[in-house]
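Structural overview
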Amino acid sequence: MLFVYVNILFFICLSQIYIMNKVFYLIMLFFFGTAFSFAQKNFSIKGKISDENKKPIEAVTIYLSTAKDSTLINYTITDAKGEFDLQTNKVEVPTFIAASMLGFTDYSKQFDLINDHIQLGEIFLTEDSNTLDEMVIKADVAPIRVKQDTIEFNAASFKVRPDANVKTLLEQLPGVTVDADGKIKYNGKEVPNILVNGKPFFGADGKIAIENLPAEIINKVQVSDHKTKAEKLAGKKSDGETVSINLTIDEDKNKGFFGRINGGYGTDDRYESSLLANYFQGETKFSVLASSNNINSSGFSQNEVFDNMRGGRNSWSFNSSFIDEYSGNSGITTSNLVGLNYNDSFKKKVDVAGSYVLDNQDNISKSSSRIENLLPENRVISLNENEGTSYKNNHKFTMDFEVKIDSTSSFAIVPVYEKNSNRRHNVSSSETVSILNDLINKSEGSQFSETDSDRFENKLIYNKRFKNKTSFSLNFENNNSKNKSFASNQVSTIFYEGSNPNDVRNQNAFSNSHTDNYDLELEYRIPITKKQTLTVAGGYVNSLDVDTKETFDYDANTNQYSDFNDLQSYKNRFQTNEVNAGVAYEYQHEKGFFQLNLGSRWMDYEMKSLYNSDVYLNKKTDVLPNIRISNSFRFGKSTRLYLSYRYTGSLPSMYQLLEYQDLSSTLSISQGNGNLKSKLSNGINLNFSNYDYLTRSGYYIYAGGSIDSRGIMDVVSYDEGFKSFRTFENTSGTGYAYFGASFNKSYKLGVNTLSYEVGLNFNLDRFKGKTNDVLYSANSQGLTPKVKLTWDYNKEFIISPSYQYDYNMVKYTDFSLDKTNNFKHKLNLQITSYLPKQFIIGADVGYNYNSMLADGFKKDFTLLNASIGYKFLNDQLTAKVKAYDLLNQNLSTNRYISPTSIQDSDQLILKRYFMFSLSYKLDKFAGKKKESSHFISM
């Protein structure tokens, strides 16, 4: 086995030598190629598109293609004046230029040769005609179409490699970006919803779809404002804050079977395996997922270079509505997962989508931390060590039924059932010392817990439109959950300062809790005019939380846990009833919409506790505001301004209202405040987005914040042994603010594509609290500029460097520390080569530096991942040798600054391993095999 690993290492080293040589030659080629591209004469084809009334038409797609096989050369769209400027190099074969927009007759003109600038003048499009002036152009050839509030991209017009996934395709589309956290954005707006043929694919967020579905099966990518299911059925306008993407499947690929199977084994017994199998038959779609690995991967965040390997281009957390988040930074996890997904339609009236997942994880964790606790008069240091194992088993079943009763009414049912089992064993030790290193207290313990939980939630949505154009909607939601747990706790805390007695515990605790929420909303929409609508709404919400705990101390005489502990046992019951009502006015116009929502929530709650034979009862009634104003204005087809204001309130939580002292911890006591008042907040949000298809550039600006006119703050006091007592009080003036901007642009330089993204994020948070009877405030500021550059050489060699700087500073008032700060450098370089032919070679190099860490915590590390693969059997089988953390430097150290502490931590993390893997792709479609996309880079 050692011989095999040595050979693998030798192979990886050779691959890196090859990569570095390739990088050198290709970088030189880039500079010469770029210089040559700039030296080449660029020609422009200019013109103006108008309708029959000589009014300019915006967002008409203009594209240039070869006459022989319609290979796309370049494209653009008209601006608000109807003008366009399409750039091209010299073309010595016959071509045609076409203008296309839904609702108008297509225009085309043929050229035998392009060797000079061309001025087409004013072109008039006629309405509602299917004939063309000079030649027939297929309607789906246009790379971009603008359909009211939807932008539609023709997938075949955007060049990707044959094995690329949907995520790679999305990255090629104008205005679409994928950031370092894996978040997809369009014109700066987040995309929380990705559908396949209008239906969810393993969760509505679509993260499994974009990572695993091949780009070659996609026909159209449709981008539109995101709507909830209730808004969709009611035909309501979206608020426009986020967007949705719908992927339509190519007709030839919508009947057949395709999938991929992957498996690998490496040093230190590291392994990975995954399977995706899909059967599509028109509206019927059935998919199976399976995964097993011990490399901290979900198994479905893979790419063609590193498969499931984390780090570098796969460094982002995979947080899906279908699969729990894998951060990859907390311990080492062995995971196994099986999932099923089913979509179908019946008689065009019933749409069904369902998914099931079985997911289990074994985790080993180890961490150490140093916490500098800030007090008004001094600072106290806590040193902590934790080591543990955990096991989680999760079943999740989701269904989505949408039924069209007739042309005027429809309803949807969306049930979700989830069952979890968790086990955890943890061994911990901590000590608290003064700033002069004098020992204050010391604690050691061992904890074991088992928890079983069930959760069922359901949404029922009904909508009816009447002949007088009014409509009625009913939305009902329930969320029911119950938890049953057992915990065994052996802990001893010794106090070296103060008068607290030492606290030694050996006890078992049995806990039961359940939550039942029911929400009914009724809405009646009345059209005032064609553009104006009045909505009257009302609803009722009932919520019940019950939490019970029984604690038994160990009895040495009977050798059993039989002594009931009254002071650490309780039963809490928190019930709320809400009646809400409101009226909304909506004005829709060609350029956007205005919405005004005025409402109130009449609430009463009852907090009842049974503790140490005493009954605590707290009843209150409150009226909370629910006001929202939003306005969206579109300056052009791709330029939009959105502004909103909200004034809302929320009740304190159950634990903030508890009136007895919770003694669960040996180092802290907490007690709620029955006199707390509800929280009241004012918030604003603004975003402005623009994308210019002519210059392939776009920018996005956003800002907002919230201020609490009445908030809730922590009130904490410490005794000499640093044992805390925590409660809560109302305050005002807390809140947050944020600002950000991003800009992206791409250039076509011959066969090269050069693109870059720059962004800046700023956030400000204001906290208040009391520590040892001293009122303090803390202002936290964060600044994050970032930049990313990508050079794509004809899809054969891609190099992408990026840099991010994170700066955080907290200023304190009435604390022993005036301010503190830290910063991080994150530098990354991703290299991918498909040369020589049949090879896939990749390397990710990341350097991280974290300033201001305390002594004993390493501040920087370099993570290098490398992979070399070769394709066999008509590119269906790929063999790879991969190396994770080749330099063996990977770390998980971090600094977190809170309003009351500075924490440095270090966690167990996956280290260097080598792996050999095989990946096999299979597809069998009823239609003809899709030809490679025709595209000429400009």
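In this report, we go over the structure that sits alongside the text.

Cut-offs and rules
Residues numbered from 1 in each chain as written. Predicted model: local features only at pLDDT ≥ 70, side-chain atom pairs only at ≥ 80, totals over all residues. Heavy atoms only, no water. Helix = DSSP H or I, 4+ residues; strand = E, 2+ residues; numbered from the N terminus. Buried < 20%, exposed > 50% of the residue type's maximum accessible area, 1.4 Å probe, protein only. Contact = heavy atoms within 4.5 Å. Areas by Shrake-Rupley, 256 points an atom, 1.4 Å probe, with all protein chains shown as cover. Salt bridge = Lys/Arg side-chain N within 4 Å of Asp/Glu carboxyl O. Phe/Tyr/Trp six-rings, centres within 6.5 Å; stacked < 30°, edge-to-face > 60°. Lys NZ or Arg CZ within 6 Å of the ring centre and 35° of its normal. 1 Å grid on protein atoms, 1.4 Å probe; cavity = no way out; pocket = protein on both sides within 12 Å on 5 of 7 lines; lining within 4 Å. Points joined across faces, edges and corners; volume = space filled by probe spheres on them. Nonpolar A, V, L, I, M, F, W, Y, C, P; charged D, E, K, R; others polar. Pairing = 2+ DSSP bridges. Axes fitted to C-alpha atoms, helices over the stretch in contact; angles between N-to-C directions. Patch = residues over 30% accessible without salt bridge, like charges linked within 9 Å, V, L, I, M, F, W, Y side chains within 5 Å. Lys, Arg positive; Asp, Glu negative; His and termini not counted. Charge placed at Lys NZ, Arg CZ, Asp CG, Glu CD. Core = buried A, V, L, I, M, F, W, Y, C linked by side-chain atoms within 4.5 Å.

So, about the overall build of the chain. What the chain contains, in helices and strands, is five helices and 47 strands. Within the chain, buried positions represent 49% of all 938 residues. Pairs at least 24 residues apart make up 65% of the contacts formed inside the chain by residues separated by at least 6 positions. Roughly 43200 Å² of accessible area belongs to the chain as shown, and the carbon and sulfur atoms make up 55% of that amount.

The final tally for this structure, using the stated rule, is 21 salt bridges. The shortest N-O distance in the salt bridge between E418 and R455 comes to 2.9 Å. Placement of E418 in strand β22 (residues 409-434) and of R455 in strand β23 (residues 439-465) is noted, with a sequence separation of 37 residues between them. The class for E418 is buried, based on a relative accessible area of 10%. Taking the relative accessible area as the measure of exposure, R455 reaches 22% and is therefore partly exposed. With a closest N to O distance of 3.5 Å, K619 and E606 form a salt bridge. With K619 in strand β30 (residues 614-636) and E606 in strand β29 (residues 592-611), this residue pair connects regions lying 13 residues apart in the sequence. We classify K619 as exposed; its relative accessible area is 56%.

With that settled, the discussion passes to the packing of aromatic side chains. Under the counting rule described, the total for this entry stands at 30 aromatic pairs. Each ring, one from F510 and one from F552, has its centre 6.1 Å from the other, and the planes form 75°; the classification is edge-to-face. Note that F510 is positioned in strand β25 (residues 503-527) and F552 in strand β26 (residues 532-555), a separation of 42 residues in sequence. Taking relative accessible area as the criterion, F510 reaches 38% and is therefore assigned partly exposed. Directly above the aromatic system of F280 lies the positively charged group of K285, at a separation of 5.5 Å from the ring centroid. Here the guanidinium or amino end of R696 rests over the ring plane of Y75, the centre of that ring lying 4.1 Å away.

The omega torsion across L835 and P836 is -5°, close enough to zero to call that bond cis. By the secondary structure assignment, P836 is in the loop between β41 (819-833) and β42 (839-850). Although it is not a glycine, F722 adopts a positive phi angle of roughly 55°. Relative to the helices and strands, F722 resides in the loop between β35 (697-718) and β36 (724-731).

With that out of the way, let us pick up empty space enclosed by the protein. Across all of its chains, the model carries two cavities of 30 Å³ or more by this definition. Around the second largest cavity, the lining residues are D149, K237, K591, G592, F593, S632, R634 and R640. Going through the elements one at a time, β29 and β30 are the ones with two or more residues in the lining of the second largest cavity. Across the lining of the second largest cavity, the residue classes tally to one nonpolar, two polar and five charged.

Our focus in this paragraph is the sheet that holds strand β5 (residues 95-100). Strands sit in the order β3-β2-β5-β6 across an open sheet of four strands; the sheet is antiparallel. With one partner strand each, in any of the chains shown, β3 (72-77) and β6 (107-111) form the two edges of the open sheet. The sheet shows a mean angle of 15° between the axes of neighbouring strands, taken without regard to direction. Here strand β2 (residues 61-66) pairs with β5 via six bridges, running antiparallel. Its bridge partner being in β5, L64 is matched across the sheet by I97.

What follows covers a negative patch on the surface. Judged by side-chain charge, D438, E497, D719 and E720 come together as a negatively charged surface patch. Classification of E720 as exposed rests on a relative accessible area of 62%.

On to the nonpolar core, then. Ranked by internal contacts, the top residues of the largest apolar core, which has 48 residues, are F153, L170, Y186, I218, V221 and L247. Among the elements that line this core, the one with the most residues is strand β15 (residues 243-249), at four residues. Those residues in contact with L170, other than ones at most four positions away along the chain, are V176, I184, I210, V221, I245 and L247. Residues V91, I97, M101 and I114 belong to the second largest nonpolar core, which totals 21 residues.

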